[in-house]
Amino acid sequence: MTALPDKTPTQLFIGGEWRDGSDGTFDVLDPSTGELVAAVANAGPDDMAAAITAAADAQPDWAARPPRERGEVLRKAWQLMIERAEDLAFLMSLEMGKSLTDSRGEVTYAAEFFRWYSEEAVRVGGELRMSPTGANHILTFKKPFGVALLLTPWNFPAAMATRKLGPALAAGCSVVLKPAEDTPLTALVLGQILTEAGAPAGVVNVVTAEKPGDLVAQALADDRVRKLSFTGSTGVGSLLLKQAAERVVDSSMELGGNDPFLVLDDADLDAAVEGAMLAKMRNGGQACTAANRFLVAESVADEFGAKLAAKMAELTVGPGTSEDTNLGPMVNAKQRDGIADKVARSVAAGAKAVLGGVSDDRPGFFYPATVLTDVPRDSAVAVEEVFGPVAPIITVRDDDDALAVANSSEMGLTGYVYTRDLARGLRVCEQLQVGMVGLNRGLVSDPAAPFGGVKQSGLGREGGFEGIEEYLETTYVATNW
Ligand code: NAD
């Protein structure tokens, strides 16, 4: 069993105190071996109720503090994350499996949400307008929702949490954060860091649970919870929207993707392969922004496929915590088996595996880098989110054909376009039904940019100027003077 970094908490964090869960503990495994990393507190209904009470009690005072003071807490939390970057990176690689390079990148990215929102905390504004009738003024101001329930996935254990914590705290909300059961440790450390940075008791609560369904339903039924922010699969997001509808809880949703990566016939293929490696292989392909369908012009498809397969073959597979590793394990056996199943069904439907395609038998939950060519447009890897290191290549006749395939999905998170012709690229970007596009770039995530999807990929935006608005509501006063 690999030792956890010093002082890694494993208990619930409620009302400024660490405490055991009323339902015992659950195991967090090292995905590179399947061995135990830690036994983490398993919350029960009383714990969730206590967390909501703590958050509700602390929220009015937090919201009443000067915005600069809330900003300073976030700024300090950014600093502490950077100081502890190595421990945090190691912890994420241990509980989630991603390479240390990916984890270090995530710490910087995640911390930046605290810094960005420390700056936005002091920029929440209102408006003054004249009514068109001239009879009165229209004065608007913004207020935090109150208690926010934050639910995060396992694939970015730090960044998906800070992308919510930063704006929620800046706005004056208090929070109950419930991280994914595969990766609860990083979230607990974030609770520790925010407290050390000065967040008062009860403003940040972290509740970990092995089977969260009932606890989340309980929280959404509690009339002190006014905001839900969820990142995860479209299936669970849709279920939670139905639950939130009962009490009309305002909901932000960052959901699944099936992201198209378009290589037009005039693209710089070396640049496209470099971008593809980032867009596909960051996090071992376990990213909502991961390129899921490579839509490549017929005239360049063979060359692009060969170059991409050569690059993917160079990756060193191993535990995320080893410095040599470029491709770690998948997070758990279920994810790995799901990927293997989608690849097998696609190969049976006619796709050719030019690299990988078969699970290896090493211990842990590994799946090899895989490139599939001649992928039928209706095969599993083309229509379902794969969430792993699998690059399916679908050939397309022209830009219109590429757009038709890209937009045939019910998902609309990220798209990528490679072309040497900027005007042509922008035309294609405009027609893609997605929330974000990388134009000659394999990475779109940026704390200063509005992150989010269209169609079934989500509701609302995180990051940028937009992110804080998700935690604020508007009051308007009609007045004269
Ligand atoms: P998931 O939907 O299984 O879980 C997400 C969160 O919901 C976890 O905290 C989990 O414990 C909780 N949860 C699961 N079932 C629940 C239920 N019945 N009731 C209440 N809560 C429940 O997703 P995942 O497997 O952790 O993450 C992968 C998915 O997340 C992918 O689809 C990916 O595309 C998506 N994702 C989206 C974004 C984005 O910003 N759009 C970012 C990262 C991941």
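Rules used in this analysis
- The residue numbers shown here count from 1 along each chain, following its written sequence.
- Where totals are concerned, whole chains, interfaces and linings use all residues; where local detail is concerned, this predicted model gives features only for residues with pLDDT of at least 70, and gives and counts side-chain atom pairs only at 80 or more.
- The basis for every side-chain value is the complete set of non-hydrogen atoms in the structure, without hydrogens or water.
- What makes a residue near a molecule or strand is one non-hydrogen atom of that residue sitting within 4 Å of it.
- In the analysis that follows, any N or O atom pair within 3.5 Å is treated as a polar contact, provided that within protein one partner can donate a hydrogen and the other can accept it, and provided that, for residues neighboring in sequence, both atoms belong to side chains.
- A 1.4 Å probe and the Shrake-Rupley method give the accessible areas. Residues count as covered only by the protein chains that appear here.
- Only DSSP runs of H or I with at least four residues qualify as helices, and only runs of E with at least two residues qualify as strands; both kinds are numbered from the N terminus onward.
- For the domain bounds, the source is a domain assignment made automatically or taken from a database.
- We define buried area as the total accessible area lost by two parts upon association, computed with a 1.4 Å probe and summed across both.
- Definition used for salt bridges: Asp or Glu carboxyl oxygen within 4 Å of a side-chain nitrogen of Lys or Arg.
- Under the scheme applied here, a residue whose accessible area is under 20% of the maximum for its type counts as buried, over 50% as exposed, and between as partly exposed, the area being computed with a 1.4 Å probe on protein chains only.
- Definition used in this section: a nonpolar core is a set of buried Ala, Val, Leu, Ile, Met, Phe, Trp, Tyr and Cys residues joined via side-chain atoms within 4.5 Å.
- Contacts are residue-level and defined by heavy atoms, with any inter-residue pair within 4.5 Å sufficient.
- A pair of strands is labelled paired if DSSP reports no fewer than 2 bridges between them.
- Between the N-to-C directions of two axes lies an angle of 0 to 180 degrees, each axis being a line fitted to C-alpha atoms and, for a helix, fitted only over the stretch in contact.
- Should the near helix be turned anticlockwise from the far one by less than a right angle, the crossing is left-handed, and should it be turned clockwise, the crossing is right-handed.
- When residues are grouped by polarity, Ala, Val, Leu, Ile, Met, Phe, Trp, Tyr, Cys and Pro land in nonpolar, Asp, Glu, Lys and Arg in charged, and all others, Gly among them, in polar.

Attention now goes to the site of the ligand. The full set close to the ligand counts 29 residues, and Thr152, Arg163, Glu181, Ser233 and Glu385 are the nearest of them. Interatomic distance of 2.6 Å between a side-chain N/O atom of Glu181 and an oxygen atom of the ligand. Contact with the protein chains hides 88% of the accessible area of the ligand, taken as 840 Å² for the molecule alone. Elements with a contribution of two residues or more to the shell around the ligand: α5 (159–171), α7 (213–221), β10 (225–231) and α8 (234–247). In terms of residue count, α8 provides more of the shell around the ligand than any other element does, 3 residues in total. Split by domain, the shell around the ligand shows at least three residues from each of two domains, domain 1 (12–255 + 457–479) and domain 2 (259–446).

The next subject is the domain arrangement of the protein. On domain assignment, one finds that the protein holds domain 1 (12–255 + 457–479) and domain 2 (259–446). Measuring from the centre of the C-alpha atoms in domain 1 to the corresponding centre in domain 2 gives 30 Å. With both chains or domains summed, domain 1 and domain 2 bury close to 2,200 Å², and 57% of this area falls on carbon and sulfur atoms. Of all residues in domain 1, the largest losses of buried area upon contact with domain 2 belong to Ser32, Trp154 and Ser457, amounting jointly to 24% of the total for that side.

Moving on, we come to the pattern of salt bridges. Two side chains with opposite charge may pair up if their charged atoms get near one another. The final tally for this structure, using the stated rule, is 26 salt bridges. Here Asp47 ties to Arg19 by a salt bridge, and the two come within 3.4 Å at their closest N and O atoms. Taken together, the residues Asp47 in helix α1 (residues 45–64) and Arg19 in strand β2 (residues 17–19) connect sequence positions 28 residues apart. Put simply, Arg129 and Glu127 hold a salt bridge, and the shortest N to O gap is 2.6 Å. Note on Glu127: relative accessible area 41%, which makes it partly exposed. In the salt-bridge network here, residues are joined through shared partners; they are Asp265, Asp266, Asp399 and Arg424.

Once that is clear, we can look at the nonpolar core. The nonpolar side chains of soluble globular proteins are, as a tendency, buried together. Counting 119 residues, the largest nonpolar core has Leu165, Phe261 and Phe304 as its most contacted members. There are two domains that each give this core at least three residues, and those are domain 1 (12–255 + 457–479) and domain 2 (259–446). Setting aside anything within four residues of it in sequence, one finds Leu165 in contact with Phe114, Leu150, Val175, Leu177, Leu190, Leu194 and Val204. By size, the runner-up hydrophobic cluster in this structure holds 27 residues, among which are Val216, Ala219, Leu228 and Leu240.

This part is about the environment of Thr195. Summarising the element assignment, Thr195 is placed in helix α6 (residues 184–196). Sequence separation between Thr195 and Val331 is 136 residues, and the spatial gap between their C-alpha atoms is 29 Å.

Read across the sheet, 3 strands follow the order β5-β6-β22 without closing on themselves; strand pairing throughout is antiparallel. Looking at strand neighbours, the two that pair on one side only are β5 (127–130) and β22 (472–479), the edges of this open sheet. Each strand of the sheet is rotated relative to its neighbour by a mean of 25°, with strand direction disregarded.

The contact between α1 and α7 brings their axes to 10 Å, and the two run at 35°. Viewed along their axes, α1 and α7 form a crossing whose handedness is right-handed. Facing α1, whose interface residues are Pro45, Met48, Ala49 and Ile52, α7 presents Leu215, Gln218 and Ala219. Considering only residue class, the contact of α1 with α7 consists of 6 nonpolar, 1 polar and no charged.

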